[in-house]
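Next come the chains, spelled out residue by residue.
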Amino acid sequence: AKHLQLKVCPQEGLEIVIPYRFGFYNVENLLATHRSWIEKKLKTYHTKVQLSEGIPKQIRLLMSDENWRVELVPAMGRTKIIPRPDCTIILMGNIENTLECQTFLKKWLRKKAQTLLIPMLENVAQEIGLSFQKISIREQKTRWGSCDSNGNISLNAKLIFLPSPLVRY
């Protein structure tokens, strides 16, 4: 590293990046100087993490104008998701394990994104006369979509939370 950096991340907490020639004895002074900023950031992330914890009772997919209700059913055995035709998701299993339930919901959302985004992209490509090699649905943090020089298209799964005209754009 060329420059000293302080980073506060939700999962990792405080991260200090120190240049090679920076004296370790200066770290304590650095922390004392930026203490209020660090505490403020940690408090903000702690609040965000608490708000994002838990399992949603409803999932609204604006792209397809679907409103899915999430029902939790405690059961022995492996956790599983059962989507029903009436836009109800049955999340069955160890519902006390919030992290596992969230993981299953994210997997379901990613599959749902594939079923919605891939046909839409194929239609748009056909309409405008462009071709592509491969489509991948990912969960990028900073991009809605991209296309590399080989014609491989990557779309963000979170697009399904946007209205259809925005997704098409």
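The structure under discussion appears in the preceding block.
Residues numbered from 1 in each chain as written. Predicted model: local features only at pLDDT ≥ 70, side-chain atom pairs only at ≥ 80, totals over all residues. Heavy atoms only, no water.

Most of strand β9 (residues 152-156) sits out of view: four of its five residues are buried. Looking at chain direction, strand β7 (residues 134-138) and β9 are connected through five bridges and run parallel. Its bridge partner being in β9, Lys134 is matched across the sheet by Asn152. Summarising the sheet, strand β8 (residues 145-147) and β9 pair through three bridges and their orientation is antiparallel. If you follow Cys147 over to β9, its bridge partner there is Ile153. Taking the residues that link successive antiparallel strands as the turn, the β8-β9 hairpin has four residues, and the phi of Gly151 there is positive, at about 85°. (Buried < 20%, exposed > 50% of the residue type's maximum accessible area, 1.4 Å probe, protein only. Helix = DSSP H or I, 4+ residues; strand = E, 2+ residues; numbered from the N terminus. Pairing = 2+ DSSP bridges.)

Here the focus is the pattern of salt bridges. By the definition in use, this model includes six salt bridges. With its nearest N and O atoms 2.9 Å apart, the salt bridge here joins Arg35 to Glu39. Of the two residues, Arg35 and Glu39 are both situated in helix α2 (residues 35-52); the distance of four residues between them amounts to about one turn of the helix. The class for Arg35 is exposed, based on a relative accessible area of 54%. As a salt-bridge pair, Asp65 and Arg60 come within 3.2 Å of each other at their nearest N and O atoms. (Salt bridge = Lys/Arg side-chain N within 4 Å of Asp/Glu carboxyl O.)

This part takes up the sheet that holds β8. If you trace the three strands from one edge of the open sheet to the other, you get β7-β9-β8, paired in mixed fashion. Every other strand in the sheet has two partners, leaving β7 and β8 as the edge strands with one partner each. For this sheet, the mean inter-axis angle between neighbouring strands, taken without regard to orientation, is 15°. Where helix α3 (residues 98-128) meets the sheet, its contacts fall on β7 and β9, and the angle it forms with β7 comes to roughly 145°. (Axes fitted to C-alpha atoms, helices over the stretch in contact; angles between N-to-C directions. Contact = heavy atoms within 4.5 Å.)

Alignment of strand β3 (residues 58-61) against strand β4 (residues 66-74), held across four bridges, turns out to be antiparallel. Across the sheet, residue Gln58 finds its bridge partner in β4, namely Arg69. Here β4 pairs with strand β6 (residues 88-93) via six bridges, running parallel. If you follow Glu71 over to β6, its bridge partner there is Ile90.

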